[in-house]
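Next come the chains, spelled out residue by residue.
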Amino acid sequence: MASPAKSSELIFYINGKKVVEKNADPEEMLLGYLRRKVGLTGTKYGCGEGGCGACTIMVSRYDPVQDSVHHSAVTACLLPICSLYGAAVVTVEGVGSTKTKLHPVQERIAKAHGSQCGFCTPGMVMSMYTLLRNKPKPTMEEIRETLEGNLCRCTGYRPIVDGFKSFCDKQQCCQNKEEGGKCCMENGYFHDQEEDVSEELFGTEDFLPHDPTQDIIFPPELLLMGKKQDGGQLCFQGDRVKWISPALLKDLAHLKAQYPDAPLLVGNTTLGPKMNLNRAVYPVLLHTGRIPELRAISRSSNGLRVGAGCSLSALKDALQRGMEQLNPEKSRVYQALVQTLQCLAAKQIRNVATIGGNIMSADPKYDLSSVLAAAESTLHIVSTAGVREVCLNEEFFTGFGKTALRPDEILLAIDIPHSKPWEFVSAFRQAQRREFAFSILNAGMRVVFRDESPVVESLDLFYGGVGPTLVKARTTCKELTGRVWDEKLLAEGTQLLREEISLSPTAPGGRVEYRRTLVLSFFFKFYVQVLLELKQKGIAVSDPPPEYLSALEQYRNELPHGHHTFQMVPEVQPFTDPVGRPRMHQAAFQQATGEAQYYDDIPAVQGELFVSMVTSTRAHAKIMSIDASAALAMPGVVTFITAEHVPGQNRRLWFGNIEELFAEEEVICVGQIIGAIVAESRELAKRALRLVIVTYEDVLPVFFTIEEAIEHQSFFEPKRKLERGNVEEGFERSDHILEGELYMGGQEHFYMETQGVIAVPRGEAGEMELYVATQHAAYTQEVVGLTLGVESNKITCHVKRLGGGFGGKVMKIASLSAITATAAYRTGRAVRCVLERGDDMLITSGRHPFLGKYKVGYMNDGTILAADITYYSNGGCTLDESSFIMEKALLHMDNGYKIPHLRGRGFVCRTFLPSYTAFRGFGGPQGLTIIESVLHEVAAKCGLPAHQVREVNMYQGESSLTHHRQLFSPTDMLRCWSECLEKSDYEERLLAVQRFNSSNRWRKRGMSIVPLKFGIGFSKGFYNQGAALVNIYKDGSVLVSHGGTEMGQGINTKAIQIASRILKVPMSSIHVKETCTGNVPNAAPSAASFGTDAVGMAVKNACEKLMGRLEPIKKKNPEYTWKKLVVEAYCQKISLSATGFFMGPHTGVDWERSEGTAYYYFTFGACCSEVEIDCLTGDHKNIRTDIVMDVGRSLNPALDIGQVEGGFVQGLGLYTIEELQFSPDGALRTRGPSDYKIPALSDVPHILNTHLLTNAGNPHAIYSSKGIGEPPVFFGCTVFFAIKEAIAAARRERGLSESFSLSSPATAEKIHMACQETFTTAASSSEGGRCRPWAINV
Ligand SMILES: Cc1cc2nc3c(=O)[nH]c(=O)nc-3n(C[C@H](O)[C@H](O)[C@H](O)COP(=O)(O)OP(=O)(O)OC[C@H]3O[C@@H](n4cnc5c(N)ncnc54)[C@H](O)[C@@H]3O)c2cc1C
Ligand code: FES
Ligand code: FES
């Protein structure tokens, strides 16, 4: 064996530049290396576990076997730098820049409005760039596959796809001149001049051509290195871990014998998350990526031999090639595997994750083993003792994460056999999200028939996800062998499986009943599949009942597309005036090139430290002791701070409510901050955290759920009530009374950029600068000042931009900033805090869960006379903004319906969970959804179409009073409603849905349409103010500062458009640099959809002042250019700087009298969605959504449509797939993208049409526009109600009651269980009632 060098030199390239790393650390991932060592911050951190795609880069390697260079998109957060020997890395900075030249990918995503906050944009760019490197003219399907691993929380994906599909080969598009004759590749297919309506959000004519010859080349040096592989071993020694990378298989075998406990590292997609998130340390890592035998794929007449180190992408390609060459009978195993691989992880992961790693991880939620076992695959195992073969079956897996391999053995290759003529193999999986999600249950099934007969020769049913290891249904398989493939076999098989596959009610992962029923559903699907194939082969089996066929269809993931229309500006408007035109986000090019700076992209200042939070592991306990001595003894740990180190107040105040920064005596939730470690680096700080020992004494009571809080009467004050009419009288006069409830789960913000701040002490007079990700800089400034005991005038907060906020960066960030500032104050050094995704989810919490209980009185025609609704929200352990959120829910409880007698009560429950906070919509979606549920139920009870019952109850006429007696005109809401009905072709499609349902037994469709009336502005009137500062410089350039925060919504772009209109200078001469408390003091938070209203008016005011000052000179010298005008003004000693202010309306509600003008005005809309569900699995597909939105006269239709679609998709997540889970001890279980699923590309409705209402206006806001940030989130409920309709159709067909409860989110589990199909009832068990569940609904 070649002896390992002491420590090798790591040679690789980044963006064409050679890197020689003499002391490469095996624990270092490329993401941290790029960002902190190389200073390339375009690649972003979003999760650290491969689950979001924000860190996507391209890795190119020379492949000696194929003698070609291979380019792959890879997630840098899981890529150890040591694995990069001989590779070339390209990051977003290497693709193009605003200083040199943009790459067409960067240009097109920006111009197509595919970049809002921009945090996901570099990752999107890199995925697409890599695709183009491999295929300059990709197909739509390839684009879809490429983007499946890139999450975006802002855009709703459609604009990103619109930009990228312009690269497609036109021949490869949908070819689908569907309704209106629009092909999926067209943007702006019509301009209706008469109606002044356009669909063109961007022009494609001036797109840079894509010229692959301009791309960065693979470095010739690496080519030579690759060709001259010398068989030498590489070794990298870090502080704690040694990395050995042999080039020869025999060396690897010796090393494994020498280090039997050392894991083999290939793709690092199982090991990496353990190291990154669980801080696992492996003293020796054996890297196998350089061993040719492990990557070899060879074909024989019996099948495919795949090296264990083959990536899943390579495996998929090989199988697909095999499928093309083999006849379908022989390739059934390949087909099953390809089907599985298509939805296994995402492209970036499949490019590095290996088949060997997948099997050897021995994790039952991994998908391949069940299929490979069913296919009777053979494993080749090697060690110094030689080679042996074992069968891949359930016996191979000896426990969770354990296999029958000896510690010194290596999996060399896997033989995947061809299928035989009478052999049928299938794979099944069901996940929380159809794409890019671990399976809840997976299965591989195989049946062999006696030649040309329906008699079972042998049967194998393997399940992953019903226990700690792969499970074979042995008894079932045995009993069914020798039987005829018919209904009797199905019935008996179902019964046998039900008895054989058991799952404890406390099984890890929860969803026990659901998993048990999936076991049966999958078997049924397999049965039908095989039955049909036998039939096709002419075997005498009974005809499958026609209704069975709908059990088979697989949902295809497709790229979304749609129309988006808006009203053009009047013809008389000068072309130079950008207001009302679709204009690109001001920083989109910077975002697409990675140049846009977020707080954590700011280079470290000299001596900068890092702070990490020690959080409580108990929900309610006395802190008995805190021992940080072991942590402090670690070299590099500077200090540990707790409440006693706070120089000023250890508390944050919000409208008189107190929240401790550090828990002092008692903790009241898991995740509460107790102390903070300050260390020289983030890695050290995180390691040291684990050494801090906190001892607790549990305190009672402790409870987490709304129901428990009601039992304990544990509520925050104030309790609110709104009432109009006489509810009791209304009930008496009603034909019917209905009582019910709806539970809505919470939601995690999941902004792509986690929360954080850099505090830099200035060392003079207590000054401190903070670079902070906040939506409310003034509040952060105030809290930091109070914490340090320093006046606000010494504290300056800078906010360049946020990588998404959605309300989550208003409150908690002030505490984090105060703690970080305390660390900076005590050490006298700059301190940085960047929350990891899991900590962010744990500490900062999210949207409130709500429970609405209602009693409704209604007439036979669906008219609601009276409703009494009690709202309970789970506020968590402190009040935060919960009472205002509850107020907003109550103020929205009428939505667009005039219910003469209406009463709402609101209780904020105090529980022992992290405190819930603001989230886009701020209680509005919850308030609205409960009333929509009431309408839905009333319609069901009356046997009337839900849209008809909605119409009967809607506000009508020119003006109306809301339930809190605010005057408004419902006209535009009614226009949105009727346009939505018309544009969505509602009536006709409803009939089509009914037709579909009557001919499909296992698939059902549903449609739902809802109106929307959403209040804009703060109901706390004093917040309705905005301020700005506009400076004109002598060169004519203009700097606009304002109090709002740019977080993707485009507030800066709109501010520039407004300034451009008034000053009459091009947008390119106007700049917004940052939000700074030193420039614009006391600003209100950017929230309540009011940011642009407030800031826009203030900018207008400042600009008008300046124009007023310039006017006399202009009058005298009309020929002056802008520049000359400015210089002249300067010479005349005229101030070229002006502040602008907007004093908004005095809103407010008198809660005693149940009345008040709560909002400045209302934004209206209507939305219609159609879905399809698979009753057997609960899977659903969003088929089509049509939105008509009233945004007044849009300031920028591109940005507004972006907000509408992005908000809708966020809502779609809220109502369908985003499910937070807590342990019975109150600890959040869902702490990253692998457990918590926000919508990915495939969740967006295949058709998404968005129309901005034409001829709309608004006398109250800037240039007749309307606020739009929050309202569209609620539209996600149309998907929820459409699902409910579909479930009702399924139940109706089976004669079950149409009245059933469905809580939000309508996950696959809930959909399936609500359908109560035969298998659900067959699998349900009586056990478990008293057991401690794995997760609780809070
Ligand atoms: C975001 C994300 C999503 C994912 N989604 C899915 C999914 O939907 N379905 C699914 O099935 N999987 C999924 N995975 C898991 C992924 O498929 C596996 O992590 C991967 O296949 C493991 O391969 P690897 O090369 O990265 O293994 P590594 O992490 O490098 O190693 C994993 C383990 O395998 C052992 N090992 C590797 N090679 C050998 C060998 N030749 N001989 C003996 N032992 C070996 C190692 O010792 C180690 O213990 C996902 C992973 C991520 C990060
Ligand atoms: S940070 Fe790498 S995938 Fe999320
Ligand atoms: S633009 Fe995609 S996450 Fe913000």
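Residues numbered from 1 in each chain as written. Chains lettered and ligands numbered in written order. Predicted model: local features only at pLDDT ≥ 70, side-chain atom pairs only at ≥ 80, totals over all residues. Heavy atoms only, no water.

Caption draft 1: Highlighting the overall build of the chain. For the chain, the count of helices and strands is 38 helices and 51 strands. Against the compact-globule benchmark of 34 Å for 1338 residues, the chain has a radius of gyration of 31 Å, which places it among compact chains. Looking at the 1338 residues of the chain, the share that counts as buried comes to 66%. In the chain, once contacts between residues fewer than 6 apart in sequence are set aside, the share between residues at least 24 apart is 77%. When the accessible surface of the chain is totalled, it reaches about 45900 Å², and 50% of it is carbon and sulfur. Here the chain carries 140 positive and 150 negative side-chain charges, and the mean point of each set is 3 Å from the other. (Helix = DSSP H or I, 4+ residues; strand = E, 2+ residues; numbered from the N terminus. Rg over C-alpha atoms; globule rule 2.2 N^0.38 Å. Buried < 20%, exposed > 50% of the residue type's maximum accessible area, 1.4 Å probe, protein only. Contact = heavy atoms within 4.5 Å. Areas by Shrake-Rupley, 256 points an atom, 1.4 Å probe, with all protein chains shown as cover. Lys, Arg positive; Asp, Glu negative; His and termini not counted. Charge placed at Lys NZ, Arg CZ, Asp CG, Glu CD.)

Caption draft 2: Representation of the site of ligand 1 within the structure. Near ligand 1, the surroundings consist of 31 residues, among which Thr269, Thr270, Thr354, Asp367 and Leu411 are the closest. Within the backbone of Ala437, a nitrogen or oxygen atom sits 3.4 Å from an oxygen atom of ligand 1. Considering ligand 1 on its own, with 970 Å² of exposed area, one finds that the protein chains cover 94% of that surface. Among the secondary structure elements, those contributing two or more residues to the shell around ligand 1 are strand E10 (264-265), helix H14 (355-360) and strand E18 (410-417). No other element matches H14, which puts three residues into the shell around ligand 1. When its residues are assigned to classes, the shell around ligand 1 shows 19 nonpolar, nine polar and three charged. (Near = heavy atom within 4 Å. Polar contact = N/O pair within 3.5 Å; in protein donor to acceptor, adjacent residues only side chain to side chain. Nonpolar A, V, L, I, M, F, W, Y, C, P; charged D, E, K, R; others polar.)

Caption draft 3: Representation of the pattern of salt bridges. Taken as a whole and judged by the stated rule, the model has 93 salt bridges. Salt-bridge contacts for Lys18 lead to Glu221; the nearest nitrogen and oxygen are separated by 2.7 Å. Taken together, the positions of Lys18 in strand E2 (residues 17-21) and Glu221 in helix H7 (residues 220-227) put the pair 203 residues apart, joining distant regions of the chain. The salt bridge partner of Lys1181 is Glu558, with a shortest N-O separation of 3.1 Å. Linking Lys1181 in strand E50 (residues 1180-1190) with Glu558 in the loop between helix H18 (512-536) and strand E23 (564-567), this pair joins segments that are 623 residues apart in sequence. Looking at Lys1181, the relative accessible area reads 14%, which means it is buried. (Salt bridge = Lys/Arg side-chain N within 4 Å of Asp/Glu carboxyl O.)

Caption draft 4: Main features of the nonpolar core. Ranked by size, the top nonpolar core spans 378 residues in total, and within it Leu30, Ile355, Ile416 and Ile677 carry the most contacts. Apart from the residues within four sequence positions on either side, Ile677 is in contact with Phe610, Val611, Ser612, Val614, Ala631, Val637, Thr639, Phe640, Ala685, Ala688, Leu689 and Val692. With 47 residues, the next largest nonpolar core counts Phe428, Ala443, Val456 and Leu1176 among its residues. (Core = buried A, V, L, I, M, F, W, Y, C linked by side-chain atoms within 4.5 Å.)

Caption draft 5: Seen up close, the environment of Val471. By the secondary structure assignment, Val471 is in strand E22 (residues 471-472). Sequence separation of Val471 and Ser370 is 101 residues, and the distance between their C-alpha atoms is 8.4 Å. Apart from residues lying up to four places away in sequence, Val471 is in contact with Leu461, Phe462, Tyr463, Val466 and Ile501.

Caption draft 6: Seen up close, the environment of Val541. Relative to the assigned elements, Val541 resides in the loop between H18 and E23. Between the alpha carbons of Val541 and Arg829 there is a distance of 79 Å; along the sequence they are 288 residues apart. The residues touching Val541, leaving out its near neighbours within four places in the chain, are Pro454, Trp485, Leu531, Leu534 and Lys535.

Caption draft 7: Molecular detail of the environment of His1042. By the secondary structure assignment, His1042 is in strand E45 (residues 1038-1042). Separated by 35 residues in sequence, His1042 and Thr1077 place their C-alpha atoms 9.4 Å apart. Discounting chain neighbours no more than four positions away, the residues touching His1042 are Ala1027, Ala1028, Ile1051, Asn1052, Ala1055, Val1072, Thr1075, Val1080 and Val1095. A distance of 2.9 Å separates a polar atom in the side chain of His1042 from the backbone nitrogen of Gly1044.

Caption draft 8: Looking closely at helix H5 (residues 140-147). Where burial is concerned, most of H5 is hidden: six out of the eight residues are buried. Inspection of H5 places Met140, Ile143, Arg144, Glu145, Thr146 and Leu147 among the buried residues, and these make up the whole buried set. Where H5 is buried, its residues touch helix H4 (121-134), helix H6 (158-164), helix H11 (312-325) and helix H13 (347-350).

Function-wise, these values are silent; they only describe arrangement.
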